[in-house]
Each structure stands twice: as structure tokens, then as C-alpha cells.
Amino acid sequence: DGGITQSPKYLFRKEGQNVTLSCEQNLNHDAMYWYRQDPGQGLRLIYYSQIVNDFQKGDIAEGYSVSREKKESFPLTVTSAQKNPTAFYLCASSHRIPYNEQFFGPGTRLTVL
Amino acid sequence: GQQLNQSPQSMFIQEGEDVSMNCTSSSIFNTWLWYKQDPGEGPVLLIALYKAGELTSNGRLTAQFGITRKDSFLNISASIPSDVGIYFCAGQGSSGTYKYIFGTGTRLKVLA
């Protein structure tokens with residue numbers, strides 16, 4: 001089945017540690033995105049990538065890093081510089097513009113202990 | 001970052017009733033998307049709109065792209081308990097951008 005997978009579903013980390021969230025898609029989409037969702041709020045864009053080996057900062061990129069070495073994969077690293085990392089993280093992908101409606105993965109809930 | 005104004009923030013309705021919600025923006029959009037999100041899950045795309053005035057249906061759901069291109073509406077007819085969840089709108093302002101702006105969500109609760 002085509003879709004977007006994120007792993008793990010739940011992730012715990014200690015303060016001061018970096019952690020990498022996985023996102024894989026087999027939809028042959030060119031663009032991929034990372035969003036952060038906090039309780040009772042909408043989605044805020046962290047990073048996005050239009051094509052392999054290229055990515056742009058979103059609205060809240062500080063404390064996060066990404067790579068796009070393969071079309072299918074767009075991992076997100078939450079670094080120790082991120083002050084409030086506890087949140088629900090969503091990965092999405094889309095075709096090229098203008099018909100680039102985004103499809104989301106199931107999300108990863110990160111909790112910093 | 002900029003966010004859309006989505007209303008109402010939450011609503012309780014009786015099973016069988018129709019539901020209406022909307023999103024408004026100060027900017028013109030070229031694309032509107034509507035999503036439903038269940039607790040602890042990723043949003044699921046319901047309807048995509050690409051043209052001002054466009055009216056699109058998906059089962060009991062109908063969405064419209066406002067003529068001014070600054071708003072969009074979602075209607076759910078004959079609501080059922082599984083309609084419970086959070087509904088998000090998302091707008092894309094420029095034909096040359098990949099970025100979407102998301103509304104803050106409408107939390108729907110259906111009373112059986």
C-alpha cells in the first residue's frame with residue numbers, strides 16, 4: 001500500500017540529547033514537510049523540501065535539522081538546542097505545485113523527560 | 001507565522017444535524033484544503049479546492065472555495081458519531097510556493 005510511515009509512534013528522550021524522527025514515503029512525491037503540533041493548536045511548519053538535496057526553513061526551524069538524501073526519506077533531528085521539544089510531530093508529502101495537496105503520516109509523539 | 005481564522009473553535013451537535021464551519025484569511029489563496037484529524041493520528045485529507053467559486057463534495061461533506069478567494073467553507077450533512085474530531089483548513093497563497101498556512105481547527109463533538 002502507498003503511504004507515509006513515521007517511526008517510532010512514541011519517543012522519549014532526556015534533556016540534552018539529540019533525537020532523530022524517521023519519515024518515509026512510497027508515493028513518489030517530490031516534496032516533503034515536517035510540522036509540529038502542540039495541544040489545541042494548529043500545525044506549524046518546521047522544514048520542507050521540494051527536491052532531493054534541497055530544503056528550506058519553515059516558521060519554527062530553530063533547534064531542528066533535516067536532510068534529504070533520498071526522494072523517499074526526510075528525517076528530522078530534534079537537537080538539544082530546541083527549548084520546548086515535547087510535541088506531536090507530523091510528516092507530510094506532496095506532488096509538485098500547483099496540485100500539491102499534502103498527505104500526512106501518522107505522527108510521532110516526542111516527550112522530553 | 002501567519003494562521004488562518006477558523007470558526008467555530010468547537011461545537012456540540014446532535015446526531016443527524018448538519019454542520020457548517022469556515023476559514024477566513026486576510027490574504028488571497030489559490031488553493032484550499034480541508035482535513036480531519038482524530039486524536040493521536042495524522043490529519044486525513046477530505047477535500048481539495050483549486051478555483052474560486054468551486055464547490056466540491058465527498059460523500060456527506062461539501063466544501064466551497066469563496067469567490068473573494070479569502071475564505072472557504074465546509075459543510076457536513078446528517079452528522080454521525082464518527083464525524084467527531086478536529087477539522088482543519090489549509091490555504092496556499094501563491095502558485096509558486098509549497099507552503100500551506102493552517103487554521104487552528106474546529107473541534108466537533110456529536111451527541112448521539
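Preceding block: the structure.
In what follows, the accompanying structure is described. Just so you know, these numbers come straight off a predicted model, no measurement behind them.

## Brief notes about the overall build of chain A
Here's step 1: On a plain count of helices and strands, chain A comes out with 0 helices and 11 strands.
Here's step 2: Element order for chain A, N to C, with α for helix and β for strand: β-β-β-β-β-β-β-β-β-β-β.
Here's step 3: Against the compact-globule benchmark of 13 Å for 113 residues, chain A has a radius of gyration of 13 Å, which places it among compact chains.
Here's step 4: Of all 113 residues assigned to chain A, the portion counted as buried reaches 50%.
Here's step 5: Counting only contacts in chain A whose residues sit at least 6 apart along the sequence, the fraction spanning at least 24 positions is 54%.

## Here we look at the pattern of salt bridges
Here's step 1: Taken as a whole and judged by the stated rule, the model has 7 salt bridges over all chains.
Here's step 2: Of the charged contacts in the structure, one is a salt bridge between aspartate 30 of chain A and lysine 71 of chain A, with a shortest N-O distance of 3.7 Å. Of the two residues, aspartate 30 of chain A sits in the loop between strand E3 (19-25) and strand E4 (31-37) while lysine 71 of chain A sits in the loop between strand E7 (64-66) and strand E8 (76-78), which places them 41 residues apart along the sequence.
Here's step 3: According to the relative accessible area criterion, lysine 71 of chain A is partly exposed, its value standing at 24%.
Here's step 4: Between aspartate 38 of chain B and lysine 36 of chain B there is a salt bridge, with the nearest N and O atoms lying 2.6 Å from each other.
Here's step 5: A network of salt bridges, in which partner residues are shared, links Asp30, Lys71 and Arg96 of chain A.

## Observations regarding the layout of surface pockets
Here's step 1: For the largest pocket, the calculated volume is near 420 Å³.
Here's step 2: Considering each element in turn, the lining of the largest pocket owes the most residues, 4 residues, to strand E11 (residues 106-111) of chain B.
Here's step 3: Here the residues of the lining of the largest pocket are counted per class, giving 7 nonpolar, 11 polar and 5 charged.
Here's step 4: Computed from the structure, the second largest pocket encloses a volume of approximately 200 Å³.
Here's step 5: Considering the residues around the second largest pocket, the lining is formed by Arg36, Arg44, Ile60, Ala61, Glu62, Tyr64, Ala81, Gln82, Lys83 and Asn84 of chain A.
Here's step 6: Looking at side-chain class alone, the lining of the second largest pocket contains 4 nonpolar, 2 polar and 4 charged residues.

## Section: the state of the cysteines
Each disulfide consists of a covalent bond between the sulfur atoms of two cysteine residues.
Residue and element names in this part refer to chain B.
Here's step 1: Across all of its chains, the model carries 2 disulfides over all chains by this definition.
Here's step 2: The disulfide that involves cysteine 23 links it to cysteine 89, with 1.7 Å between the sulfurs. Classification of the bridge connecting cysteine 23 and cysteine 89 rests on its S-S torsion, roughly -90 degrees, and on that basis the disulfide is left-handed. Here the residue cysteine 23 occupies a position in strand E3 (residues 19-24), and cysteine 89 occupies one in strand E9 (residues 85-92), the gap between them amounting to 66 residues.
Here's step 3: Since its relative accessible area comes to 0%, cysteine 23 is described here as buried.
Here's step 4: Under the relative-accessibility criterion, cysteine 89 is labelled buried at 0%.

The rules behind these values
Residues numbered from 1 in each chain as written. Chains lettered and ligands numbered in written order. Predicted model: local features only at pLDDT ≥ 70, side-chain atom pairs only at ≥ 80, totals over all residues. Heavy atoms only, no water. Helix = DSSP H or I, 4+ residues; strand = E, 2+ residues; numbered from the N terminus. Rg over C-alpha atoms; globule rule 2.2 N^0.38 Å. Buried < 20%, exposed > 50% of the residue type's maximum accessible area, 1.4 Å probe, protein only. Contact = heavy atoms within 4.5 Å. Salt bridge = Lys/Arg side-chain N within 4 Å of Asp/Glu carboxyl O. 1 Å grid on protein atoms, 1.4 Å probe; cavity = no way out; pocket = protein on both sides within 12 Å on 5 of 7 lines; lining within 4 Å. Points joined across faces, edges and corners; volume = space filled by probe spheres on them. Nonpolar A, V, L, I, M, F, W, Y, C, P; charged D, E, K, R; others polar. Disulfide = S-S within 2.5 Å.

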